[in-house]
Amino acid sequence: QNIVNLLAGFGLSQYPPLVEVDLQRHEASTAFGFLFALSALALQASAGHRVSEYGCLKDSSGQGIWVWFEYDHDRVAEWAAGLVFRIISELDPVMEWEADSVAGNDDLSKAVQEFRDYARSLIIPLDTQAIIEAAERLDVPCFRLDRLPYEAVVGDFRIRPNGKLQLGHCGYQLIVDGTLCTSRNASLIPILRDRQALRQRLLALDAPVPFQDPDSGNCIMVKRAVRAAGRISYPVVVKSRMKDEKNAVQLDLSTADDVRSAVDQVRLNSLHVMVEAMVVGDSYKLLVCNNNVQAVISNGREYALNAVHESIFDLALRISVEFNVGLLMLDVVSIDISRPLSETGGAIVDINLAPELDRILPAESPLFSKLADKFVRW
């Protein structure tokens, strides 16, 4: 019970299956084994790893026990086991245990936090996990290239940490990084996070995008940004050219002072600043998989597909065919999604060719498996 109380102090007792097992009904050695396994699972779960399986049985002599627990990454499992032994040994002086480098910091609470920080960096994304499970359902060979024995095969450029997979083999082998098939779409990697380059591709398809002053160029200088905003007319938006930069988007700027402040923020982390018109309306995320709109997300919830105007679906299909990716996401802003964008003044404000589904979908969403199946078939 003292060990359970100590784990509770680290916030671990709330994690299943630690809360589900009554250790009192087991004899001492078996209870110890279960406690060890459950604690190792709870440590991993507290860092976001999706693990739950475990077991405990006596050895053939009846004097010892074998314990096993599920893990996703070897190093995380070793570290979790070392921490559990350390916790137990500190509470029970009879327990013989020697510290090693796996155990972490001398301060136990700091050691637990160090473990969590490290383990979080190795979580497989939910969308990658969904692709793995879809490949299994569809009988497609799938290898996780971020795990042993392939762990060294990481490359210089990564779209999604812990999201690199090999699907198929031999002549049918494809590499997936996150939700982008880098084997088929290598030409898109240089523009993947380049807003201006993606905008030019959309313009070539006559897709409605927010207006920019054609003479403004790079608005990293405040005076140029203010002039551009004046020619566009307020309200405006200030963005960094490249995605994934801090303070990258500043919305609904109504005055020159707002623009000055926004540019100061964006250029702290960007060498190229864009100014464009603010599109008024509600925001919708169209998830296009295998050249079909599979879902529309608005305000974090799935929206009824039959409420979206057919012309918007047609536009999404043209864009999907042009980029030839298995999965993409369009951010559409409109005051009325049931009408054409040309009538409402709506526009595509962003396109993501490797969307991170776990950032827009709740963990329990059935869309993960639906989209993963379509993606693997593509």
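Residues numbered from 1 in each chain as written. Predicted model: local features only at pLDDT ≥ 70, side-chain atom pairs only at ≥ 80, totals over all residues. Heavy atoms only, no water.

Asks: Break down the environment of alanine 229 for me, with residues and values.
Replies: Structurally, the position occupied by alanine 229 is in helix α7 (residues 222-232). The class for alanine 229 is buried, based on a relative accessible area of 0%. As for alanine 229 and threonine 255, which are separated by 26 residues in sequence, their C-alpha atoms are 8.8 Å apart. Aside from chain neighbours lying at most four places away, what touches alanine 229 is Tyr234, Val236, Val259 and Val275. (Helix = DSSP H or I, 4+ residues; strand = E, 2+ residues; numbered from the N terminus. Buried < 20%, exposed > 50% of the residue type's maximum accessible area, 1.4 Å probe, protein only. Contact = heavy atoms within 4.5 Å.)

Asks: Could you give me a rundown of the nonpolar core, with the residues and numbers involved?
Replies: Ranked by size, the top nonpolar core spans 32 residues in total, and within it Ile319, Phe323, Leu330 and Leu353 carry the most contacts. Element by element, the count of residues in this core is highest for helix α9 (residues 310-323), at 5 residues. Phe10, Ala77, Ile87 and Phe115 belong to the second-largest nonpolar core, a separate cluster that totals 27 residues. (Core = buried A, V, L, I, M, F, W, Y, C linked by side-chain atoms within 4.5 Å.)

Asks: Please give an account of the packing of aromatic side chains that cites residues and values.
Replies: Following the criterion strictly, the structure yields 8 aromatic pairs and no others. Seen in terms of ring centroids, tryptophan 79 and phenylalanine 115 are 5.9 Å apart; in terms of plane orientation they differ by 75°. Their pairing is edge-to-face. Here phenylalanine 115 lies in helix α4 (residues 108-120) and tryptophan 79 lies in helix α3 (residues 74-91), a separation of 36 residues in the sequence. Residue classification places tryptophan 79 among the buried positions, given a relative accessible area of 8%. Arranged with centres 5.3 Å apart and planes meeting at 70°, the rings of tyrosine 284 and tyrosine 303 form a pair that is edge-to-face. With a gap of 19 residues between them, tyrosine 284 in strand β10 (residues 282-289) and tyrosine 303 in strand β12 (residues 301-303) connect regions that are remote in the sequence. Assessed through its relative accessible area of 5%, tyrosine 284 is described here as buried. Between the NZ or CZ atom of arginine 75 and the centre of the ring of tyrosine 118, over which it lies, the distance is 5.7 Å. (Phe/Tyr/Trp six-rings, centres within 6.5 Å; stacked < 30°, edge-to-face > 60°. Lys NZ or Arg CZ within 6 Å of the ring centre and 35° of its normal.)

Asks: Give a description of the layout of surface pockets that names residues and reports values.
Replies: Volume-wise, the largest pocket comes out at about 840 Å³. Considering the residues around the largest pocket, the lining is formed by 28 residues, among which Arg195, Lys243, Lys285, Asp331 and Asp350 are closest to the centre. Those elements that provide at least two residues to the lining of the largest pocket are β7 (236-240), β8 (249-253), β9 (273-277), β10, β13 (327-334) and β14 (347-352). In terms of residue class, the lining of the largest pocket is made up of 15 nonpolar, 2 polar and 11 charged. (1 Å grid on protein atoms, 1.4 Å probe; cavity = no way out; pocket = protein on both sides within 12 Å on 5 of 7 lines; lining within 4 Å. Points joined across faces, edges and corners; volume = space filled by probe spheres on them. Nonpolar A, V, L, I, M, F, W, Y, C, P; charged D, E, K, R; others polar.)

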